[in-house]
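# Examining the three-dimensional arrangement
The lines below spell out each chain.
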Amino acid sequence: MTRTCIGDGVRCAILDKEDVPALLNQRVARLVNRDNTSNIFLFHVLMTSYFENYVLSIQRDTTVPHISGSEIAHFEIGHPPLDEQNNIVTFLDLRISNIDKLLDDQEHIIELLKEKRSALITQAVIKGLDPNVPMKDSGVELIGEIPAHWELIRLGMLNQEIQTGPFGTQLHSDEYVMNGTPIINATHLKSGIITPDEKVTADN
C-alpha cells in the first residue's frame, strides 16, 4: 500500500517497492529505513508537527521549506522497539481511518452547501428575487431569461477601470521585497476578502 500525505510544509510518501532507482528533484529526499524501523512508523513521524516545526526552524528558503540530508539525519525522535512501532501503526491506522471517514462525510456536506450557496447567488443576481416577475430572453445562451424590466449591459460599463496582472509567476522569490507594492494572487482571495501577504511584495 502506497501512502501519501501533504502537510503545510512537508510532503511524504511511502514507496512499496524496494531498491527502485530514482532521480530526486530539488527539495526531495529519500529515506531508506533500517530493519529495526517500520517504514509506516517513520512516515507518521515525518508527518508530525514536531518534524515540520524542525524543518521550519532551520529552513534557508523563505518561500519553500528546504533542509539538507545531513539536517534530516540530525533530527531526533523517540525510537520504540519494532513490535511497539507496529502496535502504534495499527492503532493509528484504525483511528485515522475513522477520522478520515468523518472528514469525507463533512467534505461531502460542505460541497453540497457550496453548490447551494452558488445556486442561491446565481438565482438572485441573474433571475432576481421575485419568481413571479415577467421574464424576457436575454439573448445570451449562458444566461437565458432575465426579468423583463432589467437591462442587459456589458460588465465594462459598470466599472471605471479593469486591471489584470502582467506578470505573477514570472517573479522569483529573490525579487520579493518587504514593504513594497503588494502582489495579489489567487491565494490571497478568501471569502470575498483580499488578504495580501506582506512578504509577497515587489519594488514599485
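In this text, all values refer to a predicted model and were calculated from it rather than measured experimentally.

Basis of the calculations
- Residues numbered from 1 in each chain as written.
- Predicted model: local features only at pLDDT ≥ 70, side-chain atom pairs only at ≥ 80, totals over all residues.
- Heavy atoms only, no water.
- Helix = DSSP H or I, 4+ residues; strand = E, 2+ residues; numbered from the N terminus.
- Contact = heavy atoms within 4.5 Å.
- Areas by Shrake-Rupley, 256 points an atom, 1.4 Å probe, with all protein chains shown as cover.
- Axes fitted to C-alpha atoms, helices over the stretch in contact; angles between N-to-C directions.
- Left-handed = near helix turned anticlockwise from the far one by under 90°.
- Nonpolar A, V, L, I, M, F, W, Y, C, P; charged D, E, K, R; others polar.
- Core = buried A, V, L, I, M, F, W, Y, C linked by side-chain atoms within 4.5 Å.
- Buried < 20%, exposed > 50% of the residue type's maximum accessible area, 1.4 Å probe, protein only.
- Salt bridge = Lys/Arg side-chain N within 4 Å of Asp/Glu carboxyl O.
- Phe/Tyr/Trp six-rings, centres within 6.5 Å; stacked < 30°, edge-to-face > 60°.
- Polar contact = N/O pair within 3.5 Å; in protein donor to acceptor, adjacent residues only side chain to side chain.

What follows concerns the overall build of the protein chain. Each helix and strand counted, the protein chain has four helices and eight strands in total. Shown N-terminal to C-terminal, the secondary structure of the protein chain runs as helices and strands in the order β-β-α-α-α-α-β-β-β-β-β-β. Taking the contacts inside the protein chain whose residues are at least 6 apart along the sequence as the reference set, 40% of them involve residues at least 24 apart. When the accessible area of the protein chain is evaluated, it comes to approximately 16,800 Å², of which 55% is carbon and sulfur surface.

The subject of this paragraph is the packing of helix H1 (residues 39-46) against helix H4 (residues 82-127). Two numbers describe how H1 lies on H4: the axes approach to 9 Å, and their chain directions differ by 60°. Here H1 and H4 pass one another in a crossing that is left-handed. Side by side, H1 and H4 meet where Ile40, Phe41 and His44 of the first sit next to Gln85, Ile88, Val89, Leu92, Asp93 and Ile96 of the second. Among the residues making up the contact of H1 with H4, the classes are represented as six nonpolar, two polar and one charged.

One finds Cys12 and Phe51 to be the most contacted residues of the largest nonpolar core, which totals 15 residues. Contributions of two or more residues to this core are made by H1 and helix H2 (49-58). Looking at this core element by element, the count peaks at four residues for H1. Residues contacting phenylalanine 51, with those up to four places away along its chain left out, are Val10, Val45, Leu46 and Phe75.

Here the focus is the pattern of salt bridges. This structure, assessed with the given rule, holds two salt bridges. Where lysine 101 meets aspartate 105, a salt bridge forms, and the shortest distance between an N and an O atom there is 3.4 Å. Note that lysine 101 and aspartate 105 are positioned in helix H4 at a spacing of four residues, about one turn of the helix. Two residues, glutamate 111 and lysine 114, come together in a salt bridge whose shortest N-O distance is 3.9 Å. Of the two residues, glutamate 111 and lysine 114 are both situated in helix H4; the distance of three residues between them amounts to about one turn of the helix. Taking relative accessible area as the criterion, glutamate 111 reaches 42% and is therefore assigned partly exposed.

This part is about the packing of aromatic side chains. The final tally for this structure, using the stated rule, is four aromatic pairs. Where phenylalanine 51 meets tyrosine 54, the ring centres are 6.3 Å apart and the plane angle is 35°; that geometry is what we call tilted. Taken together, the residues phenylalanine 51 and tyrosine 54, both in helix H2 and three residues apart, mark about one turn of the helix. We note that phenylalanine 51, like tyrosine 54, is buried. Between tyrosine 54 and phenylalanine 75, the aromatic rings sit 5.1 Å apart at their centres with planes inclined by 45°, giving tilted as the arrangement. Of this pair, tyrosine 54 sits in helix H2 while phenylalanine 75 sits in the loop between helix H3 (69-73) and H4, and the two are 21 residues apart along the sequence. Given a relative accessible area of 13%, phenylalanine 75 falls into the buried group. What links up through ring pairs into an aromatic cluster is the set Tyr50, Phe51, Tyr54 and Phe75.

Among the eight residues in H1, six count as buried, and that is most of the element. If you check which residues of H1 are buried, you get Phe41, Leu42, Phe43, His44, Val45 and Leu46. Two to three positions downstream of the cap, the backbone nitrogen of isoleucine 40 sits 3.3 Å from a side-chain oxygen, assigning the N-cap of H1 to serine 38.

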